[in-house]
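Single-letter residue listing:
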Amino acid sequence: MKKECVAMLLAGGQGTRLKSLTKQIAKPAVYFGGKYRIIDFPLSNCTNSGIDTVGVLTQYEPLILNNYIGIGSDWDLDRKYGGVSVLPPYVQSEEGGGWYTGTANAIYRNIKFLHQYDPEHVLVLSGDHIYKMDYSDMLDYHKASGADATISVIEVPWEEASRFGLMNTNDYGVITEFEEKPEFPKSNLASMGVYIFRWDVLKRYLIDDADNENSSNDFGKDIIPAMLGDHKKMMAYTFDGYWKDVGTVASLWEANMDLLEENPGLELNDHSWRIYSKNPNQPPQYISHEANVHNALINEGCRIHGDIGHSVIFDGVRVGEGSIIRDSVVMPEVKVGRNVTINRAIIAAGSVIEDGAVIGDPSPESDITLVADEDSVIAKSYLEQTIK
Amino acid sequence: MDRIAGIINLDHEQDVLDELTYFRCSAAVPFAGRYRMIDFPISNMSNSRIGSIAVFARRKYRSLMDHLEQGKAWDLDRKQGGLFILPPDWNDPTDISKGDLQHFHNNIDFITRTLADYIVVSGTQNICNINFRDVLEEHKASGADVTVVYKNVEELHPEHKRAHKLTVDEHGRVTDIHHDQRSANVYMDMFILEKNYLYGMIEDCIAHGCSHLFLDGIKARLPHIHIHAYEYQGAHALINSVESYYRHSTSLLNGVNQEDLFKEEAPIFTKVKNEPPTKYSEGSKVANTLVANGCVIDGHVEDSILFRGVKVAKGAVIKNSIIMQRCEIDSNAVLENVILDKDCRISNSRTLVGVPEKPYVVAKRVSM
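On a predicted model such as this, the values are computed, not experimentally measured, just so you know. (Residues numbered from 1 in each chain as written. Chains lettered and ligands numbered in written order. Predicted model: local features only at pLDDT ≥ 70, side-chain atom pairs only at ≥ 80, totals over all residues. Heavy atoms only, no water.)

A few words now on the overall build of chain B. For chain B, the helix and strand inventory stands at 9 helices and 28 strands. Radius of gyration (C-alpha) of chain B: 21 Å, near the 21 Å computed for a compact globule of 368 residues. Overall, chain B is about 65 × 45 × 35 Å in size when its C-alpha atoms are taken along their principal axes. The buried share among the 368 residues of chain B stands at 59%. Across chain B, contacts joining residues at least 24 apart in sequence account for 57% of those joining residues at least 6 apart. Total accessible area computed for chain B in this model is approximately 14700 Å², and 47% of it derives from carbon and sulfur atoms. Here chain B holds 42 positive side-chain charges and 50 negative ones, and the gap between their average locations is 6 Å. (Helix = DSSP H or I, 4+ residues; strand = E, 2+ residues; numbered from the N terminus. Rg over C-alpha atoms; globule rule 2.2 N^0.38 Å. Buried < 20%, exposed > 50% of the residue type's maximum accessible area, 1.4 Å probe, protein only. Contact = heavy atoms within 4.5 Å. Areas by Shrake-Rupley, 256 points an atom, 1.4 Å probe, with all protein chains shown as cover. Lys, Arg positive; Asp, Glu negative; His and termini not counted. Charge placed at Lys NZ, Arg CZ, Asp CG, Glu CD.)

Given below as structure tokens:
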């Protein structure tokens, strides 16, 4: 049976710039927004866009990710035909095997998976971004234009453009040039890491790329430039919603803080485009007599006795009396004792903050403090200073 | 391990919660911010590794069926066993059964087919967190025919008047079942017995024209059979009136009761709604309140319970109230001692005030 479009979600990223947050989990499994993991966004987008077949390519620290995805029922992706499949690298009897050497190699090595569905188009996604997007609109655009590949782009501020992979386009939205992080940008249309390819075209390029020993087997560095070089029809699809790369501690923190705006760019309370997630099944949150909560997102199972301002609090967090939390992200099951002060920090899941600890620097220019396990350098220096 | 099957018998449960049971049976009444009453017995059974559960529904079960679905939330969407919702639908012309025995008779296949050796029968009005494995251990050790569960309540309230009370001897054997107003041994509408014993009891009751399994099959035979009493020690709330519903709901604001009822090792499960975390605005003021997910709070909420997706606009004041799913409270509205059923809307500057003994109850989907 044929599927018109199959999604391939690249979820093997190590996310080293997230420091100890990704010490034991892959980047797509990092927590975001009070109850989600990053991967909930592309998976929910697939479900909401009517794409019911998703291959999730895992590699780095797959345990939590595999367990989290399960059979996909939390995203309604437990289907009789299609649904979600976790695709780790594997060893083949004759070709040998080994790790995925790049994003393109990851798809190349799963050509057999795609063959099962004989798709017209393949949607390639990454597990690094926070956004709500209707991929079916992009697919319609891709089909109507007759493109071999369509790349979703977003306008970024010119002064930041050189941090991104940029698409130069003509007046009709046809991509004429692709530049990876150029010093002098000619365009401010950044690639969002969302691609749709005609499968028959992509397959040829993947096979050629695999034969090329000099290739780094990467979509941005190898496949896209090769297709452009052959004058394949490549379209830019402009997306104008909220989109954020949460690849660093600072950007992850910022994206969480964005949710606290009065009219956030990314509205989570949207029944027409729900973000699905695994449910922790905890009782409602309890805000005590002595608590003071303002401008905050708080999830189920929390017991708040302290003062929370401009912060995102995940499920099962306890905050003791007299504690003050400002401009921070507190991940699941963190226990914050009494009279603790936390400013501009991300507290990793399961941390225990003892009574009287002082974490983070309230000045707006300061770096974001990350408190994770004891091995983390940042946490250690902070631990020495503050926790006896 | 012994296998146990469960029966949740709603047959005798009256729709006594006024407006809250206009459109649903009491088992489906929302409770504690995100649950419904039936979540407690089903979760207790599921946590006690009871994998096959029948629900004997009688009336107003539409919202119950919507809530339970295939039992997925309780891990009961199983190939073996699972959740069976059994509304009254029977056409046996030779059927002479009456009362709740109609349910036992017409659904006898559930009992004969189950691989379980023991059956727990429970209602839904006694909210608690109980492990039926402990009840079974005590039942087996006592050698009794039936073991009934009771709670020795600290303080008697009006809701206990309607409950059966037990007199229990020093060996834990039940010597009397009655309605003595002074007794604090409240029967919790739960019992466990061997499957074959239950089967015989059902046959015998029907043969003698009985209409109530507990009254006729157990209570009336007290002199002839061995009934053991299991004393449940944990958090307990008997809800059979608006007053008791309101009092027990607000008693959850006391942290001790919350932790007794919602245990990490024995969680209460419910249908998942995929709501985002609750958002508190810069100007919100919330104290001593249980808040479910998906709420947007801009106003002032105190000593209250907010269910999922409630919106409280700026300037609104809510005190000592229970606000159910998706209610919207517009700016400057004032609610005190109020229970709002689902989907209500209170417009600008309206004031609703009840008293703690008689909260003001607003039925589902009312705008005022």
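Right, let's get into unusual backbone geometry. Residues and elements named next belong to chain A. A positive phi angle, near 50 degrees, is found at Lys19, a position not held by glycine. In this structure, Lys19 sits in the loop between β1 (5-10) and β2 (31-32). A residue is classified by how much of its surface remains accessible, and Lys19, at 48% relative accessible area, is partly exposed. Within the chain, Lys181 stands out as a residue other than glycine whose phi angle is a positive 45 degrees.

Residue and element names in this part refer to chain B. With parallel pairing, 5 strands are arranged side by side in an open sheet as β15-β18-β21-β24-β27. Since the sheet does not close on itself, it has two edges, and those belong to β15 (285-287) and β27 (351-353), each with one partner. Each neighbouring strand pair of the sheet contributes to a mean axis angle of 5 degrees, computed without reference to strand direction. Relative to strand β18 (residues 300-302), β15 runs parallel, the two sharing 3 bridges. (Pairing = 2+ DSSP bridges. Axes fitted to C-alpha atoms, helices over the stretch in contact; angles between N-to-C directions.)

Under the definition given, this model contains 35 salt bridges over all chains. In this structure, the salt-bridge partner of Lys72(B) is Asp77(B), at a minimum N-O distance of 3.8 Å. What makes Lys72(B) partly exposed here is its relative accessible area of 44%. The closest approach of N and O atoms between Asp204(B) and Arg221(B), which form a salt bridge, is 2.7 Å. Taken as a pair, Asp204(B) in helix α6 (residues 195-207) and Arg221(B) in the loop between α7 (213-219) and β12 (227-231) lie far apart in primary sequence, 17 residues in all. When salt bridges with common partners are traced through the structure, they connect Lys2(A), Asp118(A) and Glu120(A) into a single cluster. (Salt bridge = Lys/Arg side-chain N within 4 Å of Asp/Glu carboxyl O.)

Take the packing of aromatic side chains next. Residues and elements named next belong to chain B. This model, assessed by the stated rule, comprises 23 aromatic pairs over all chains. Centre to centre, the rings of Phe31 and Phe40 are 5.9 Å apart; their planes meet at 75 degrees, and the pair counts as edge-to-face. Of the residues examined, Phe31 reaches a relative accessible area of 1% and is grouped as buried. Grouping aromatic residues by their ring pairs yields a cluster made of Phe31, Tyr35, Phe40, Tyr245 and Phe262. (Phe/Tyr/Trp six-rings, centres within 6.5 Å; stacked < 30°, edge-to-face > 60°.)

For the rest of this paragraph, the subject is the environment of Ile304(A). Residues and elements named next belong to chain A. Mapped onto the elements, Ile304 comes out in strand β18 (residues 303-304). Sequence separation between Ile304 and Asn292 is 12 residues, and the spatial gap between their C-alpha atoms is 8.5 Å. In this structure, Ile304 is in contact with Tyr286, Ile287, Ser288, Ala291, Val293, Ile298, Ile313, Val317 and Val319, ignoring residues within four places of it in sequence.

A few words now on the UniProt feature "domain: Nucleotidyl transferase" (unreviewed entry) in chain B. The sites that carry the UniProt feature "domain: Nucleotidyl transferase" (unreviewed entry) are, in the present numbering, residues 19-155 of chain B. With 28% helix and 21% strand, residues 19-155 of chain B has its two end C-alpha atoms placed 27 Å apart. (UniProt positions renumbered as here; feature names shortened; annotations may be inferred.)

A few words now on the side chain of Ser288(A). You can see Ser288(A) is positioned in the loop between β16 (285-287) and β17 (292-298). Looking at Ser288(A), the relative accessible area reads 2%, which means it is buried. Polar contacts involving the side chain of Ser288(A) include one to the side chain of Glu290(A), which spans 3.1 Å. In this structure Ser288(A) touches Ile304(A), His305(A), Val286(B), Ala287(B) and Asn288(B), once residues within four positions along its chain are discounted. (Polar contact = N/O pair within 3.5 Å; in protein donor to acceptor, adjacent residues only side chain to side chain.)

A word on helix α8 (residues 242-251) of chain B. Those residues of α8(B) lying buried are Val242(B), Ser244(B), Tyr245(B), Tyr246(B), His248(B) and Ser249(B). Where α8(B) is buried, its residues meet β2 (30-31), β13 (236-238), β19 (305-306), β22 (322-323), β25 (338-340) and β28 (360-362) of chain B.

All names here are of chain B. Assigned domains of chain B: these are domain 1 (4-261) and domain 2 (279-362). Taken residue by residue, the interface counts 19 residues in domain 1 and 21 residues in domain 2. Across the domain 1 to domain 2 interface the summed buried area is about 1800 Å²; carbon plus sulfur atoms make up 65%. Three residues stand out in domain 1 for area buried against domain 2, namely Gly33, Tyr246 and Leu253, and they jointly supply 38% of the buried area on that side. Run the count over domain 1 and domain 2 and you get 1 salt bridge. (Domains from an automatic or database assignment. Buried area = accessible area lost by both parts, 1.4 Å probe.)

On to the side chain of His228(B). All names here are of chain B. With respect to the helices and strands, the residue His228 is situated in strand β12. Look at His228 and you get buried, because its relative accessible area is 6%. Polar contacts involving the side chain of His228 include one to the side chain of Glu138, which spans 2.8 Å. Not counting residues up to four positions away in its chain, the partners in contact with His228 are Glu138, Ser142, Ala144, Val146, Thr147, Val148, His171, Gly172, Arg173 and Val174.

Moving on: the UniProt feature "binding site: alpha-D-glucose 1-phosphate" (unreviewed entry) in chain A. Residues and elements named next belong to chain A. Per the UniProt record, "binding site: alpha-D-glucose 1-phosphate" (unreviewed entry) is annotated on Tyr100, Gly165, Glu180, Lys181 and Ser191. Taken together, the annotated residues stretch across 92 residues and extend over separate regions, lying up to 23.7 Å apart by C-alpha. If you trace the backbone, Lys181 turns up in the loop between β12 (175-180) and β13 (189-198). In this view, Lys181 contacts Ser162, Arg163, Phe164 and Gly165; residues no more than four positions away in its chain are not counted. On the secondary structure map, Ser191 appears in strand β13. Taking relative accessible area as the criterion, Ser191 reaches 13% and is therefore assigned buried. Sequence-distant contacts of Ser191, that is, excluding residues within four places in its chain, are made with Ile151, Ser152, Val153, Gly165, Met167 and Trp243.

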